[in-house]
Protein chains: 2
Amino acid sequence: MARKFNFSAGPAALPEAVLAQAQEELLDWHGNGLSIMEMSHRSDEFVSVASQAEQDLRDLLSIPDNYKVLFLQGGATSQFSFLPLNLLGDRNSADYINTGVWSKKAIAEAQRYCQVNIAATTESERFFCAPEQAQLQLDPNAAYVHYTSNETIGGVEFDYIPQTGDVPLVVDMSSNILSSALDVSKFGVIYAGAQKNIGPAGLTVVIIRDDLLGKAQAMTPTMMNYAVHAKADSMNNTPPTFGWYLAGLVFQWLKQQGGVEAMAQTNARKASKLYAAIDSSDFYANPVALRNRSRMNVPFTLADAALDSVFLEESKAAGLLNLEGHRSVGGMRASIYNAVPEAAVDALVQFMAEFERRHG
Amino acid sequence: MARKFNFSAGPAALPEAVLAQAQEELLDWHGNGLSIMEMSHRSDEFVSVASQAEQDLRDLLSIPDNYKVLFLQGGATSQFSFLPLNLLGDRNSADYINTGVWSKKAIAEAQRYCQVNIAATTESERFFCAPEQAQLQLDPNAAYVHYTSNETIGGVEFDYIPQTGDVPLVVDMSSNILSSALDVSKFGVIYAGAQKNIGPAGLTVVIIRDDLLGKAQAMTPTMMNYAVHAKADSMNNTPPTFGWYLAGLVFQWLKQQGGVEAMAQTNARKASKLYAAIDSSDFYANPVALRNRSRMNVPFTLADAALDSVFLEESKAAGLLNLEGHRSVGGMRASIYNAVPEAAVDALVQFMAEFERRHG
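Going along each chain's sequence as written, the residues are numbered from 1 onward. Just so you know, chain letters begin at A and ligand numbers begin at 1, following the order they were written in. A pLDDT threshold of at least 70 governs which residues receive local features in this predicted model, and a stricter bar of 80 or more applies before side-chain atom pairs are shown or counted, although totals over entire chains, interfaces and linings include all residues. As a convention, hydrogens and water are excluded, and side-chain values are obtained from all of the structure's heavy atoms.

Novice: Can you tell me about the overall build of chain A, naming the residues and giving the values?
Specialist: Segments assigned H or I by DSSP are reported as helices when at least four residues long, segments assigned E as strands when at least two residues long, and all are numbered from the N terminus. Looking only at helices and strands, one finds nine helices and 14 strands in chain A. Considering chain A as a whole, with its 360 residues, one finds that 62% of them fall into the buried category. Only heavy atoms matter for contacts: two residues are in contact if any of them lie within 4.5 Å across the pair. Restricting the contact set of chain A to residue pairs at least 6 apart, pairs at least 24 apart contribute 67%. In short, Shrake-Rupley with a 1.4 Å probe defines the accessible areas, and a residue's cover is counted only from the protein chains shown. Here chain A displays about 13200 Å² of accessible surface, and carbon together with sulfur accounts for 48% of that area. Here chain A contributes 27 positive and 39 negative side-chain charges, whose respective centroids are spaced 3 Å apart. Here's how the labels work: a residue is buried when its accessible area is under 20% of the maximum for its type, exposed when over 50%, partly exposed in between, all with a 1.4 Å probe on protein chains only. Under the convention used here, Asp and Glu are negative, Lys and Arg are positive, and both His and the chain ends fall outside the count. Positions of charges follow a simple convention, taking NZ of Lys, CZ of Arg, CG of Asp or CD of Glu.

Novice: Help me get a handle on unusual backbone geometry, residues and values and all.
Specialist: All names here are of chain A. With an omega of -10°, the peptide bond between Gly-10 and Pro-11 qualifies as cis. You can see Pro-11 is positioned in the loop between strand S1 (5-6) and helix H1 (16-24). Even without glycine at this site, Phe-127 takes up a positive phi of about 60°. Along the chain, the position of Phe-127 falls in the loop between strand S4 (115-121) and strand S5 (145-148).

Novice: Lay out the relation of the copies chain B and chain A with the relevant residues and their values.
Specialist: For this overlay, a least-squares fit was computed on C-alpha atoms, restricted to residues scoring pLDDT of at least 70 in both copies. Of the two same-sequence chains, chain B is brought onto chain A (RMSD 0.0 Å, axial shift 0.0 Å) by a rotation of 180°. Considering both components of the superposition, the chain copies are consistent with a two-fold axis. In terms of proximity to the rotation axis, the leading residue of chain B is Gln-23 of chain B, whose C-alpha is 2.6 Å off the axis. Looking at chain B, 100% of its interface residues are interface residues in chain A too, so the copies touch through the same face.

Novice: How would you explain empty space enclosed by the protein if you had to name every residue and give the values?
Specialist: Points on a 1 Å grid, built from protein atoms alone, make a cavity when a 1.4 Å probe fits but cannot get out and make a pocket when they are open with protein on both sides within 12 Å along at least 5 of 7 lines; residues with an atom within 4 Å of a point are the lining residues. Grid points are joined across faces, edges and corners, and a volume is the space filled by probe spheres set on the points. Within this structure, the stated rule accounts for four cavities of 30 Å³ or more. Elements represented by at least two residues in the lining of the largest cavity include exactly strand S2 (67-72) and helix H3 (75-87) of chain A together with strand S2 (67-72) and helix H3 (75-87) of chain B. Estimates place the volume of the second largest cavity at around 130 Å³. Surrounding the second largest cavity, 13 residues form its lining, Ala-201 and Gly-243 of chain A together with Ala-201, Pro-240 and Gly-243 of chain B being those nearest its centre. Among the elements of the structure, helix H6 (241-256) of chain A together with helix H6 (241-256) of chain B are those that each provide at least two residues to the lining of the second largest cavity. Of the residues that constitute the lining of the second largest cavity, the class distribution is nine nonpolar, four polar and no charged. By the convention adopted, Pro, Cys, Tyr, Trp, Phe, Met, Ile, Leu, Val and Ala count as nonpolar, Lys, Arg, Asp and Glu as charged, and the other residues, Gly among them, as polar.

Novice: Go over the confidence of the model for chain A, please, and point to the residues and values.
Specialist: Predicted confidence across chain A gives a mean pLDDT of 97, with 100% of residues reaching 70 or more. Confidence metrics for the complex model read pTM 0.98 and ipTM 0.98. For every residue, the predictor states its confidence as a pLDDT score lying anywhere from 0 to 100.

Novice: Give a detailed account of the pattern of salt bridges, specifying residues and quantitative values.
Specialist: Salt bridge, as used here, is a side-chain nitrogen of Lys or Arg placed within 4 Å of a carboxyl oxygen of Asp or Glu. For the structure shown, the criterion picks out 32 salt bridges over all chains. Here Arg-293 of chain A ties to Asp-279 of chain A by a salt bridge, and the two come within 2.8 Å at their closest N and O atoms. Taken together, the residues Arg-293 of chain A in the loop between strand S11 (284-285) and strand S12 (297-302) and Asp-279 of chain A in helix H7 (residues 259-279) connect sequence positions 14 residues apart. Judged by its relative accessible area of 12%, Arg-293 of chain A is buried. Between Lys-273 of chain B and Glu-342 of chain B there is a salt bridge; the shortest N-O distance is 2.8 Å. Of this pair, Lys-273 of chain B sits in helix H7 (residues 259-279) while Glu-342 of chain B sits in helix H9 (residues 342-359), placing them 69 residues apart in sequence. Accessibility expressed as a relative area gives 30% for Lys-273 of chain B, which makes it partly exposed.

Novice: Can you lay out the UniProt feature "modified residue: N6-(pyridoxal phosphate)lysine" (unreviewed entry) in chain A for me, pointing to particular residues and giving the numbers?
Specialist: All names here are of chain A. UniProt positions are given in the numbering used here, feature names are shortened, and annotations may be inferred rather than shown by experiment. The positions UniProt marks with the feature "modified residue: N6-(pyridoxal phosphate)lysine" (unreviewed entry) are Lys-196. Of note, Lys-196 is situated in the loop between strand S9 (189-193) and strand S10 (204-209). By relative accessible area, which is 14% here, Lys-196 ends up buried. Here Lys-196 is in contact with Ala-9, Gly-10, Ala-12, Ala-13, Thr-152, Ser-174, Ser-175 and Tyr-337, once residues within four sequence places are set aside. There is a polar contact of 3.0 Å between the side chain of Lys-196 and the backbone oxygen of Ala-9. Counted as a polar contact is a pair of N or O atoms within 3.5 Å, where, for protein atoms, one must be capable of donating a hydrogen and the other of accepting one, and residues adjacent in sequence contribute only when both atoms are in side chains.

Novice: Residue-level account of the interface of chain B and chain A, with values.
Specialist: Between chain B and chain A, the residue contacts involve 66 residues of the former and 66 residues of the latter. Summing both partners gives a buried area of about 4800 Å² for chain B against chain A, and 55% of it is carried by carbon and sulfur. For chain B, the biggest contributors to the area lost against chain A are Leu-27, Met-37 and Glu-38 of chain B; these three give 15% of the whole. Taken together, the connections running from chain B to chain A amount to two salt bridges. Note that Arg-3 of chain B is salt-bridged to Glu-38 of chain A, the shortest N-O span being 2.7 Å. Where chain B packs against chain A, one counts 27 residue pairs in polar contact (both at pLDDT 80 or more). Mapped onto the side of chain B that touches chain A, the elements with two or more residues apiece are helix H1 (16-24), H3 and H6 of chain B. Per element, the largest residue contribution to the side of chain B that touches chain A is six residues, and it comes from H1 of chain B. Classifying every residue of the side of chain B that touches chain A by side-chain character gives 29 nonpolar, 25 polar and 12 charged. Accessible area, probed at 1.4 Å, shrinks when two parts are joined; the buried area is that loss added up over both.

Novice: Describe the side chain of Gln-79 of chain B, with residues and values.
Specialist: Residue and element names in this part refer to chain B. Locating Gln-79 in the fold gives a position in helix H3. By relative accessible area, Gln-79 is classed as buried at 0%. Only 2.5 Å separates the side chain of Gln-79 from the side chain of Tyr-226, close enough to count as a polar contact. Discounting chain neighbours no more than four positions away, the residues touching Gln-79 are Leu-72, Tyr-191, Thr-204, Val-206 and Tyr-226.

In structure tokens:
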């Protein structure tokens, strides 16, 4: 076995130590004679795994007691429907900030259920930045304000948490949750698909302030009702048990690394190295405003796009996997989530320099 | 490591050979240097795994070409909402057959969206049987007819496929799919949560006749629209990749066992042995009508309920896990899905005889 460096945007790299533990106990969890996957979600053993995962996440993000943590199915894309269905209450509009592909998807789904006010958009700037607080046109009567803290495809990350007064702030944090410390109390809802910084695909974590529960529209499918899941501790029906378990292992690994504060330092260093490599050369380029450059997803282009396929071929041969940019954008993208070691970034930077020397 | 016999109703036992293969390649899938869990769902490698899984399922159940196979999230419980939202079209009622806990849940959700005609119910018989064809009061104007082919909790299995004329037949087959051969062409929709006879929790397989696609109600959440998933080959958003992969391994394992016809023979033999053990003694009892006794879930009671906890304790000590009946029913339940080997049933039958000898 030779593990390679994996820059996939998601499903993405998992910590090798987590995979190794899952591998070791895959057929026999803690001497119980069966896999964690083969256990009833209501068994004492699984409930203890699930509760510990929640507690570890609460510890990592210092989640206040008045927030529920839900472990759901459906991906962040399903959340695009959950939000208006659960949060509109008797309001008929919501504010959305548009910073790229994922914001747009959230907006399109919300528009099916309510009036969407675009509080700000950076489309005219080709989504190469996030709007500043002063640019936000917020409606005090909006049911909530939604934004995408990190655009996985554009590589654009907010450098601040929007202030929205009394209007609940809702964030799609799929691609940068747990990458640094967070003041959860600023938010009404935080949601994240697991397959980037939490665990395998098929699990979605939702952190919701408890006063926002219980206002679902009458026709909300039961399984899309946050209050139903909150009341049942995410076990109204069978949850994705293996994903929940693996997320728990990731949370324990994060604690062992020193928590999100330590990850933030490593992530900052990894991103700095990669952006420095891009900026120090005319051969590579990244168009994002400095203050909004994502620490998680680093898209970059080659001066000569005809070399793209050569770059991908040679980087793969060098053990650097999944550097192809999103199909809607082209170029390259290196996703450097928590589980991508600094050595991977070092190897990529070195490869980029050598590639430029040979082809520049 | 000592694997034990696992009679869990779900999440349930998986074939040991499947778990062993998953374990071996968990950190490095086929020499690619990363886990199957760490791959983009749009990578050539994962797409080939996903397509092969679908093809193997099509082979196993001889699924006709005019049926789509979907690999979704949310569990069968989410399907309870999908069905009315997608199938009502311009009709305002659906027929449901009530045979127990799971039928009732499906009915309760459907009643939120349309008029539900109870085509038959065995509630007055305490759900100890399924209705016969002649008892079904079918409405020719219903949008569809829904039934539960196997009630996991009650241990009641239909011994025939209801005839519904031109009205599409919809079945929750979560707990007996792939347990025997099936004439898929009799159905409009077949759906099954994976965590019993297919794979791990967090995956739901839907087999749908293609003329039923494209009739979703206007307010259907995008991720609950069958047509959206069908058009995107279940990759409108990130699917539960690890579950899909494991399901594929189970399908390959089923083919190696000789397919569903061979499984049906083994399952019949396993069930016969267990029911014979129950019936040959006054110490054990099962209340279900002979023709409707489930081949997958075998509930049974002890003559003296005070011995229940002793039975559970001693069976667990003997390596026979998860025999506790559902919390709503009590008593015992042995779930003997495809992945539960005949040796497990033999061991249980032997244990039951010894237990009776000691405590009867």
